[in-house]
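Spelled out, the chains give:
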Amino acid sequence: MGMKLNPNKNVPEMAGTETGQMAVQFEKEETYLHMVMRRFLKHRLACVGVVVFLLILLIALLAPVIAPQDPAKIFNEFEAPPSAAHWLGTDPVGRDVMSRLIFGAQVSVAVGIGAVAIYVAIGIVLGLVAGYFGGWVDMLIMRLTDVFMSFPYFMVILVLVSIIGPSLFNITLVIGLLGWPAIARLVRGSVLSIKEMDYVKAGVALGYSTPKILFQHILPNALAPILVNATFGVASAIIMEASLSFLGMGVRPPAASWGNMLTQAESITVLSSQPWLWIPPGLMILLAVLSVNFIGDGLRDAIESQNAK
Amino acid sequence: MLQYIIRRILIAIPVLFGVTILNFFIINLAPGNPVDMMVNPSATPEQLAATKHALGLDQPIWVQYWNWIVQLLHGNLGFSYSTREPVTQILMAHVGPTVLLMGVSLIVGYLIAIPLGIICARKQNSWIDYLVTGFSFFGISVPHFFLGLGVIYVFASKLLWFPTGSMNTLGGDGSFIDTFNHLVLPVLVLATGIGGNMVRYVRSSMLDVLGKDYLRTAKAKGLSQFLITNKHALRNSLIPIITVIGIDIPLLIGGAIVTEQVFQWPGLGLLTIQSITSRDYSTLMAINLLAACTVLFANLLTDILYAVADPRIRYD
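Here is what the cut-offs are and how they apply
- Residues numbered from 1 in each chain as written.
- Chains lettered and ligands numbered in written order.
- Predicted model: local features only at pLDDT ≥ 70, side-chain atom pairs only at ≥ 80, totals over all residues.
- Heavy atoms only, no water.
- UniProt positions renumbered as here; feature names shortened; annotations may be inferred.
- Helix = DSSP H or I, 4+ residues; strand = E, 2+ residues; numbered from the N terminus.
- Buried < 20%, exposed > 50% of the residue type's maximum accessible area, 1.4 Å probe, protein only.
- Areas by Shrake-Rupley, 256 points an atom, 1.4 Å probe, with all protein chains shown as cover.
- Lys, Arg positive; Asp, Glu negative; His and termini not counted.
- Charge placed at Lys NZ, Arg CZ, Asp CG, Glu CD.
- Contact = heavy atoms within 4.5 Å.
- Buried area = accessible area lost by both parts, 1.4 Å probe.
- Salt bridge = Lys/Arg side-chain N within 4 Å of Asp/Glu carboxyl O.
- Polar contact = N/O pair within 3.5 Å; in protein donor to acceptor, adjacent residues only side chain to side chain.
- Domains from an automatic or database assignment.
- Patch = residues over 30% accessible without salt bridge, like charges linked within 9 Å, V, L, I, M, F, W, Y side chains within 5 Å.
- Axes fitted to C-alpha atoms, helices over the stretch in contact; angles between N-to-C directions.
- Parallel < 35°, antiparallel > 145°, perpendicular 65-115°, else oblique.

As recorded in an unreviewed UniProt entry, chain B goes by ABC transporter permease and comes from Sporolactobacillus terrae. As its UniProt record puts it under Sequence similarities (unreviewed entry), chain B is described as follows: "Belongs to the binding-protein-dependent transport system permease family." Taken verbatim from the UniProt record of chain B, the Subcellular location (unreviewed entry) comment is "Cell membrane".

As recorded in an unreviewed UniProt entry, chain A goes by ABC transporter permease and comes from Sporolactobacillus terrae. Checking UniProt for chain A, the heading Sequence similarities (unreviewed entry) contains the comment "Belongs to the binding-protein-dependent transport system permease family."

## Quick notes on the overall build of chain B
Within chain B one finds 12 helices and 0 strands. In sequence order, chain B lays out its α and β elements as α-α-α-α-α-α-α-α-α-α-α-α. Counting only C-alpha atoms, chain B reaches 85 × 60 × 35 Å along its principal axes. Counting all 316 residues of chain B, 47% fall into the buried class. For chain B, the exposed area adds up to about 16,100 Å²; of that, 68% sits on carbon and sulfur atoms. Side-chain charges in chain B split into 18 positive and 15 negative, and the spacing between the mean points of these groups amounts to 17 Å.

## Section: the interface of chain B and chain A
At the junction of the two partners, chain B supplies 43 residues and chain A supplies 43 residues. Counting each side, the surface lost to burial between chain B and chain A is near 3,700 Å², with a carbon and sulfur contribution of 82%. Ranking the residues of chain B by area buried against chain A places Phe137, Phe145 and Phe146 of chain B at the top, with a combined share of 17%. Where Asp297 of chain A meets Arg200 of chain B, a salt bridge forms, and the shortest distance between an N and an O atom there is 3.9 Å. On inspection of chain B and its partner chain A, the count reaches 2 residue pairs in polar contact (both at pLDDT 80 or more). Looking at the side of chain B that touches chain A, the elements with two or more residues in it are α1 (2-28), α6 (127-141), α7 (144-158), α10 (225-263), α11 (268-277) and α12 (281-309) of chain B.

## What about the domain arrangement of chain B?
Per the domain assignment, the segments of chain B are domain 1 (19-73) and domain 2 (98-309). If you average the C-alpha positions of domain 1 of chain B and of domain 2 of chain B, the two centres end up 38 Å apart.

## Overview of the UniProt feature "transmembrane region" (unreviewed entry) in chain A
The sites that UniProt annotates as "transmembrane region" (unreviewed entry) are residues 45-67, 107-133, 140-161, 167-187, 218-240 and 276-296 of chain A. Taken end to end, residues 45-67 of chain A comprises 96% helix and 0% strand; its first and last C-alpha atoms sit 29 Å apart.

## Describing the UniProt feature "domain: ABC transmembrane type-1" (unreviewed entry) in chain A
Mapped onto the present numbering, the UniProt feature "domain: ABC transmembrane type-1" (unreviewed entry) falls at residues 105-296 of chain A. Along residues 105-296 of chain A the backbone is 84% helical and 0% strand, and the end-to-end C-alpha distance reaches 20 Å.

## Some points on a nonpolar patch on the surface
Residue and element names in this part refer to chain A. Taken together, Val51, Leu55, Leu58, Leu61, Leu62, Val65 and Ile66 make up a surface patch of nonpolar side chains, about 680 Å² in accessible area. Assignment of secondary structure puts Leu58 in helix α3 (residues 44-66). Leu58 gets classed as partly exposed once you look at its relative accessible area, which sits at 46%.

## Focus on the packing of helix α5 (residues 87-122) of chain B against α11 of chain B
Residues and elements named next belong to chain B. In contact at an axis separation of 8 Å, α5 and α11 are set at 135° when each is read in the N-to-C sense. Judged by the inter-axis angle, α5 sits oblique to α11. Contacts from Ile90, Leu91, His94, Val95 and Thr98 in α5 reach Leu268, Gly269 and Leu271 in α11.

Have a look at this one:
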């Protein structure tokens, strides 16, 4: 996780022109990164979170290899209790629950990371533009942000997804297109304070292009809070997907998602007498979300105590 | 002060306008057509066109928006596409249960979270602090539907302490006790999320205040620990917490949709799911608008309360 923190990955290219100054900055950023890493590693729960999340990531990547069965394959025995052939039994249609559980990891990871990547990109661009240019551009973008923030997030996503059709791609897209306001506000706030700094003014005086100043000079210094926010965002996107799929407005069977595996438990017979059908996917969602929230908490502590110093 | 409130309200007006536009266009640019759901499949194209015309659905989108807004300003939310009842009437029937559920959950969540947060801050890094922090992580991480199914499994299906769902026993007397019994489990679910979030804010805000100089002064003056914690520290640490209420409202609305579905609670959340299934766009638009106005109002209120509670905030 810590690797993404390096705000200066472009430094080697830039170093050609102003070697001395850039080398100094490079060294300084390295120590900053190390300090954050050190503080992060002290946060025990965050380290556990990283391990658990990496495991889930691994399960998602290796799903076709490690799953005992095809997750959509229908067997003769349905609602079978756990056995040697089906470790977690079969669902009411006759599909292997264990295999569906393993493939479900792909959905959660894909939505979590995909949606957040989309909205972080949108939020960064809008926030940079609003903060840097100010005036009516800022006014317009911030009022738009207010409008988007006034909608109860989950409800709009639910309605939008149901309108454009529930699918993995559409959920990711909708969460991604609606999630940007918090990031945009965050970036705008950072930009407002950073743009008054001497090095930004120097960049303007040197005649650098605006995109270069925005993305290479301002953005790297606003990255830390974005990273924390994005991490918690991954957790909330995973919950969102699971909830939508649970309501039948997300990933739909035969495709497997932890959320849609719990839909069956709305029937009281499944709920009370076949707990192997719904407890494992529920626990997986909880585990995935908890691990990401722990990582976010560790990152926030590591970065904030650094800033406070 | 008054000037600040007026300016804050004036800013909310264009936002509200934007909300209506976004709300209308999201729903009306939908490819699915409500008329197809309303008339029987053997209807002739002429009949379809006639129904569309009667509903004004054959007009350009901006004309439809204008008509909708004019009706809205007259307090008319239109008629449900699926049951043909006035939308206002449908909303009225579902608002009560949702307000009851959300209100009780919010109060219960805060009543548990605020004292716990204070204890955690007072006894930082004690076992109780770790336990409560652990629970708060659980509270913010567990999906409402999983927790809901879990408590139904344990308390309704196995222990038989509470009913599995709905708001009143079918054919029952609808008494207060009956409703209360049905309310316990869904409130437990929503309050867990609300409380888990709140504990963390109270704890960190309280820790922040406890480190301040004026508390050391209070201690040096010889005030009792009780007075210091509950009067001097609590009052000041509650100020930033006001903003959390503004954050909680949209979360609560999202949580209520899922929770109402799990418990078959007859509120707006359940109505939302039903309207989506039956493509009842006029009802959906009304629910969306109501929810957005609630969020907008909650934000306005927290901003104003914040300014009232903290005199250090400048109103210019």
